[in-house]
Structures are given as structure tokens and as C-alpha cells.
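# Observations on the model geometry
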Amino acid sequence: MDVADDGSRADITLTSGDDPRTGLRLTHRITLASGRCDFALGLSADNVSPRTVRWALWNVTQLPGHPAGRPGDRVWLGRSGAGAPATDRVAGTGRPRVVQYGDVLHVPVQDVVGKVGFPGAAGWIAHVGPAGTWTYRFPVDPAAPYPDDGSRAEV
């Protein structure tokens, strides 16, 4: 852990072992700033193998499910207008429904196990529920190749 001399921020870096399957060593750097309730997360991967590898870094966040308490509960995300609003990725028990409100997409509470991708994600995703709202902001590179039919985010 690295703490600034004035206490204004603290960083913790977590580094994985070398993964022989992917050829990567993953690093997560978490930064907390004094007086703030958010944090910054940096992800990086180092190729520790002798071969060329190509891998997408995904930050996976899992939140507890709950019945809808209000019509706006569950996941919201911004859309830049590039790419399809949503693409089906996995349909376990069904295909998740996505509702579009202009450049904002909503994945409401529903009794379905599945995954949907968002090629046009604009760089933010939020989960709204009884405990409050969790928002994650992430950089988007419009020229970068994204996996899963160009999905910048998945739910």
C-alpha cells in the first residue's frame, strides 16, 4: 500500500501470479482519495509468455439481486449512438429485455438469466436499487476493437 505523505490518497496494488493459460499477469490498482466516497480502478495486463496474446480486460462487478421496488430499479447505461443498442450474448433462461430512452438504455428487473452486450456504451453504467445507486465510469476508445461483437459493456 502507498499512502501520500499528506494523507490525501492511498493506493493499493494487487498483482496476480503468471497465468500459463492466458500468458498474462494482471494488475489492479485501487486509489482512494481523502474526503471522497468513490475510488479509481486501474487494470493492466503484462504478457509474461513468449507468444503474442490478445485479451480484453473486463472489470466484473456483481451486485445482489432483489425484487423491483420501483420502476427505475436495476441497470442503466449511456449510449453514444455508435453500434447496435444491445446484442444478445447469452440466453440461459431467456434474453434480457433492454428499453431505450434516447441515448440511455435500461435493463429492468426481470426473471431471466442471460447476458446482453452494448457496443455503443458511452462510458458509464449505473445500478439503481433499494440501497442506493452505484455508478461506474470507464474510458471508451471508439477506434479500439472490443470483444463480443464490439461490446464495450455487458450486463
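Scope of this entry: the structure provided in the associated data block. All of these numbers come straight from a predicted model, not from anything done at the bench.

Okay, the nonpolar core next. Counting 10 residues, the largest nonpolar core consists of Val75, Leu77, Leu105, Val107, Val116, Phe118, Ala121, Ile125, Phe138 and Ala153. For this core, the secondary-structure elements that each account for two or more residues are strand S5 (74-79), strand S8 (104-107), strand S9 (114-118) and strand S10 (121-129). In this structure Ile125 touches Val75, Trp76, Leu77, Trp134, Thr135, Tyr136, Phe138 and Val155, once residues within four positions along its chain are discounted.

Turning our eyes to something else, we now look at the sheet that holds strand S4 (residues 39-47). On the basis of which strands lie adjacent, the open sheet formed by 4 strands has the order S1-S2-S3-S4 and antiparallel pairing. Looking at which strands have only one partner, the edges of the open sheet turn out to be strand S1 (2-3) and S4. Sheet topology note: the S1/strand S2 (residues 9-15) ladder contains 2 bridges and is antiparallel. Of the residues in S2, the one forming a bridge with Val3 is Ala10.

Here we come to unusual backbone geometry. Glycine aside, negative phi is the norm for most residues, and most peptide bonds take the trans geometry. Unusually for a residue other than glycine, Arg74 sits at a positive phi of about 105 degrees. Inspection of the secondary structure assignment puts Arg74 in strand S5. The class for Arg74 is buried, based on a relative accessible area of 15%. A positive phi angle, near 55 degrees, is found at Asp148, a position not held by glycine. Structurally, Asp148 is set in helix H1 (residues 147-150). Judged by its relative accessible area of 31%, Asp148 is partly exposed.

Ordered by their spatial adjacency, 3 strands build an open sheet running S6-S9-S12, and the pairing between neighbours is antiparallel. Single-partner strands in this sheet number two, and they are strand S6 (87-91) and strand S12 (153-154). Here S6 pairs with S9 via 4 bridges, running antiparallel. Paired with Val90 across the two strands is Lys115, which belongs to S9.

Calculation criteria
Throughout, residues of each chain are indexed from 1 in the direction in which the sequence is written. This being a predicted model, a pLDDT of at least 70 is required before a residue's local features are given, and a value of 80 or more before pairs of side-chain atoms are given or counted; all residues contribute to the totals for chains, interfaces and linings. Hydrogen atoms and water are omitted, and side-chain values are computed over all heavy atoms in the structure. Put simply, a nonpolar core is a bunch of buried Ala, Val, Leu, Ile, Met, Phe, Trp, Tyr and Cys residues held in one set by side-chain atoms that sit within 4.5 Å of each other. Relative accessibility under 20% of the residue-type maximum defines a buried residue, over 50% an exposed one, and the middle range a partly exposed one, all with a 1.4 Å probe and only protein chains included. Helix and strand assignments come from DSSP, with helices taken as H or I runs of at least 4 residues and strands as E runs of at least 2, each series counted from the N terminus. Here a residue-residue contact requires only that any non-hydrogen atoms of the pair lie within 4.5 Å. Think of it this way: DSSP has to see at least two bridges between two strands before they count as a pair.

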